[in-house]
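Spelled out, the chains give:
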Amino acid sequence: MTTATALSTGLALRDVVLTFPDGDRRLTALDSVSLEVAPGELTAIVGPSGSGKSSLLAVAATLLRPDSGQVVVGGLDAGSLSARQATALRRTRIGIVFQQSNLLASLTAVEQLLAVAHLSGGSPRGSRGRAEALLDSVGLSGARQGRRPHQLSGGERQRVNIARALFAEPSVLLVDEPTSALDHERGAQIVDLLADVTREHATATVMVTHDRELLDRADRVLRMEDGRLSLDCRV
Amino acid sequence: MYVALRDIRFARGRFALMGAVVTLITTLVVFLYGLTGGLASDASSAVADLPVQSIVFGAPHGATPEVSFSDSGIDAAQQAAWQSALGAEAVQPLGIAMSRMTATGGATAVSVIGASAPLLPPLLSGSAPADGQVAVSRTTASDDGVTVGGTVTVGSQRLTVSAITADRSYGHAPSVWTTESTWQQVSGAQQPSALALTTAAGSGTAALDRAQNTDTVSRGAALAGIDGYSAEQGSLQLIQGFLFAVSALVIGAFFTVWTVQRRPDIAVLKAVGASSGYLVRDALGQALILLLLGTFTGAAIGLLGGALLSGGGMPFTLGAATVAVPVLAMVLLGLLGAALAVRRITSVDPLTALGANR
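1. Focus on the overall build of chain B
Right, so step 1: When helices and strands are tallied, chain B shows eleven helices and eleven strands.
Right, so step 2: A compact globule built from 358 residues would reach a C-alpha radius of gyration of about 21 Å, whereas chain B, at 29 Å, exceeds it by more than 25%.
Right, so step 3: C-alpha extents for chain B along the principal axes are approximately 90 × 50 × 25 Å.
Right, so step 4: When the 358 residues of chain B are sorted by exposure, 49% land in the buried category.

Next comes the structure, spelled out in structure tokens:
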């Protein structure tokens, strides 16, 4: 899908192979995986546990370096980057929505976003207006923005998680099982939100999920099995 | 330090507890520092404040000269040789002995210093003592009701008080000053304990030392010749050293536990693009805030307590160094302990934020 655009501003994985040591042999987590996601596209990846979904996210997030193949994020070849450059790439071009919301316990909802601004050398004070607007846009407004994670519901925490991932205006949004800790209704709301922000923010979004009932908002659904990626025909 | 400051605010109980520990250790170190300085002054100010550069200790021919005011003695030949070589004005005999002074207002153990007028501490009233006269330190004079023109008994000698001097002491006994001749009568010694030189110890004095069987050391090094001085100071400094080591260990242990507890947060921050350098700076900033607050509070308490103690007669030196040195040492050693602890941040794998078991 839109190869040239994906390579320039979205996400592209080409013939990516990733193996892990497993006793005397090596276990193949990703077996010649190729994937291109264009800006504004939500791609869902389903598959059984241990099929390689999380490994794919980790490689796309530059948290793991593949044995071979090419990973291009927002036009940059991640394989050619040093560890320091890869960290900067995550800071500026990749947003990660974690499975558990993984919010920092000491920070309020709005401060979770301002911490990202501080990481990038920005002024938290100067970024507050934009952080509040972003939280508003994901459905967390008013006094709730000043609450810490333990004072928010699971759905609200996941909304903060999404807002934090979007705050640096990334070109790629990687979403790891966003509904695993939510009931069906709240899970559906979160997937709707992800689909909306993908369009509004023109992010190349990859969502890993096990919940097949929430896939109707995805532009494309792929199936991962034994480290291989294929079009899912059951959707 | 965006996250660091909010961590302190969020976990204020834990940081307050740790800050209290830093405060208590700093208070203790400031107390010890002031006490060490006070005891040092109490044991040595009569020598430490002499307007000379070096002290010559002597021994009879055949014996090895030692840096010890108790064991040292300078015979007439040695004194004459030194005065002949350096000039009489540059070489002043110095006698030191312990005795007891009785006045109408009370009796006090005193250190009796036999020295010429140039070696006397500042005179607050009266004039330098002649033979049969004595100059008494201000506090002792005040405590015992001694005034210029009055009489006191030092040892078995009845002496007229010629002057009141600034406070000096030797061996934790207040000093009284008299002439060499009167000192010999009071102490029963036939020769001065040492020679005080207005020149520095060096190659010129080394040859004389060899020829005269003497040992010349700087005025500062001569303090080791005061009975018990080195042992007393060494003990107190050892305790200070232990306290500094304990503080570094305690801070290090706290930040080790704190860093382990924060591993999930650190993994998330790394995953969203925080560098290890950023996180280490953040954590060290947190440690610095804790240390500064703890040490400054501890120093203030130490100063206040020290002022109360010194007012009660305890030897305690209050000064900028009393506070600055312990505070600086506590902060630097605490940061060292914290740095050793937070280096674990560099080993946190951001992949664990995605749920990997690594």
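Let's pick the thread back up.
2. A closer look at the overall build of chain A
Right, so step 1: Each helix and strand counted, chain A has seven helices and ten strands in total.
Right, so step 2: Since a compact globule built from 235 residues should have a radius of gyration of about 18 Å, the 17 Å found for chain A is in line with a globular shape.
Right, so step 3: Taking all 235 residues of chain A together, the buried fraction comes to 55%.
Right, so step 4: Contacts spanning at least 24 positions in sequence make up 71% of the contacts within chain A whose residues lie at least 6 apart.
Right, so step 5: Accessible area of chain A: about 9,900 Å², with a carbon and sulfur share of 45%.
Right, so step 6: Between the averaged position of the 26 positive side-chain charges in chain A and that of its 27 negative side-chain charges there is a distance of 7 Å.

3. What to know about the nonpolar core
Right, so step 1: Within the largest apolar cluster, 121 residues are counted, with the highest numbers of intra-cluster contacts made by Leu11(A) and Phe255(B).
Right, so step 2: Leave out the neighbours within four places in its chain, and Phe255(B) touches Phe15(B), Ala283(B), Gln286(B), Ala287(B), Leu290(B), Ala338(B), Ala341(B) and Val342(B).
Right, so step 3: Counting residues in each nonpolar core, the second largest holds 26 residues, with Leu94(B), Ile96(B), Ile113(B) and Ala194(B) among its members.

4. Considerations on the packing of helix H8 (residues 229–261) of chain B against helix H9 (residues 263–271) of chain B
All names here are of chain B.
Right, so step 1: At a minimum axis distance of 4 Å, the contact between H8 and H9 shows a crossing angle of 60°. Relative to H9, the element H8 is oriented oblique. When H8 is examined against H9, the residues Thr259, Val260 and Gln261 are found in contact with a partner set consisting of Arg263, Pro264 and Ile266.
Right, so step 2: Taken together, the residues of the contact of H8 with H9 sort by class into three nonpolar, two polar and one charged.

5. Here we look at the sheet that holds strand E10 (residues 228–231) of chain A
All names here are of chain A.
Right, so step 1: Overall, mixed pairing links the six strands, which are arranged E6-E7-E8-E3-E9-E10 in an open sheet. Of all the strands in the sheet, the pair left with one neighbour each is strand E6 (94–97) and E10. Within this sheet the neighbouring strands show an average axis-to-axis angle of 20°, counted without direction.
Right, so step 2: Note that strand E3 (residues 42–46) and strand E9 (residues 220–225) share four bridges and pair parallel. Bridge pairing links isoleucine 45 to leucine 222 in E9.
Right, so step 3: Strands in contact with helix H3 (residues 83–93) are E6 and strand E7 (172–176); relative to E6, the strand with the most contacts, it is inclined by about 75°.

6. Details of the packing of aromatic side chains
Right, so step 1: Counted under the stated rule, the structure contains six aromatic pairs over all chains.
Right, so step 2: On the basis of an interplanar angle of 80° and a centroid distance of 5.5 Å, the ring pair of Phe15(B) and Phe254(B) is categorised as edge-to-face. Of this pair, Phe15(B) sits in helix H2 (residues 12–48) while Phe254(B) is found in helix H8, placing the two residues 239 residues apart along the sequence. In this pair, the class of Phe15(B) matches that of Phe254(B), namely buried.
Right, so step 3: With 5.1 Å between their ring centres and 85° between their planes, Phe254(B) and Phe255(B) make a pair best called edge-to-face.
Right, so step 4: One aromatic cluster is present, formed by Phe15(B), Phe254(B), Phe255(B) and Trp258(B) through successive ring pairs.
Right, so step 5: Cation over ring: Arg130(A) sits above Phe167(A), and NZ or CZ is 4.1 Å from the ring centre.
Right, so step 6: Residue placement shows Arg6(B) over the ring face of Tyr2(B); its charged tip is 3.7 Å from the ring centre.

7. What about the environment of Leu243(B)?
All names here are of chain B.
Right, so step 1: For leucine 243, the position within the fold is in helix H8.
Right, so step 2: Along the primary structure leucine 243 and threonine 26 are separated by 217 residues, whereas in three dimensions their C-alpha atoms are 8.8 Å apart.
Right, so step 3: Excluding residues within four positions of it along the chain, leucine 243 makes contact with Ile25, Leu28, Val29 and Leu32.

8. Points about the pattern of salt bridges
Right, so step 1: Overall, the coordinates contain 16 salt bridges over all chains when judged by the stated rule.
Right, so step 2: Between Arg9(B) and Glu111(A) there is a salt bridge, with its nearest N and O atoms 3.2 Å apart. Separated into two different chains, Arg9(B) in helix H1 (residues 2–10) and Glu111(A) in helix H4 (residues 109–119) make up a pair that spans both.
Right, so step 3: As a salt-bridge pair, Glu132(A) and Arg128(A) come within 3.6 Å of each other at their nearest N and O atoms.

9. Quick look at the pairing of strand E2 (residues 25–37) of chain A
Residue and element names in this part refer to chain A.
Right, so step 1: Here nine bridges tie strand E1 (residues 11–22) to E2, and the two strands are oriented antiparallel to one another. When the bridges of E2 are listed, proline 21 appears paired with arginine 26.
Right, so step 2: Between E1 and E2, which follow one another and run antiparallel, lie two residues, and glycine 23 among them has a positive phi close to 70°.

Scoring rules and cut-offs
Residues numbered from 1 in each chain as written. Chains lettered and ligands numbered in written order. Predicted model: local features only at pLDDT ≥ 70, side-chain atom pairs only at ≥ 80, totals over all residues. Heavy atoms only, no water. Helix = DSSP H or I, 4+ residues; strand = E, 2+ residues; numbered from the N terminus. Rg over C-alpha atoms; globule rule 2.2 N^0.38 Å. Buried < 20%, exposed > 50% of the residue type's maximum accessible area, 1.4 Å probe, protein only. Contact = heavy atoms within 4.5 Å. Areas by Shrake-Rupley, 256 points an atom, 1.4 Å probe, with all protein chains shown as cover. Lys, Arg positive; Asp, Glu negative; His and termini not counted. Charge placed at Lys NZ, Arg CZ, Asp CG, Glu CD. Core = buried A, V, L, I, M, F, W, Y, C linked by side-chain atoms within 4.5 Å. Axes fitted to C-alpha atoms, helices over the stretch in contact; angles between N-to-C directions. Parallel < 35°, antiparallel > 145°, perpendicular 65-115°, else oblique. Nonpolar A, V, L, I, M, F, W, Y, C, P; charged D, E, K, R; others polar. Pairing = 2+ DSSP bridges. Phe/Tyr/Trp six-rings, centres within 6.5 Å; stacked < 30°, edge-to-face > 60°. Lys NZ or Arg CZ within 6 Å of the ring centre and 35° of its normal. Salt bridge = Lys/Arg side-chain N within 4 Å of Asp/Glu carboxyl O.

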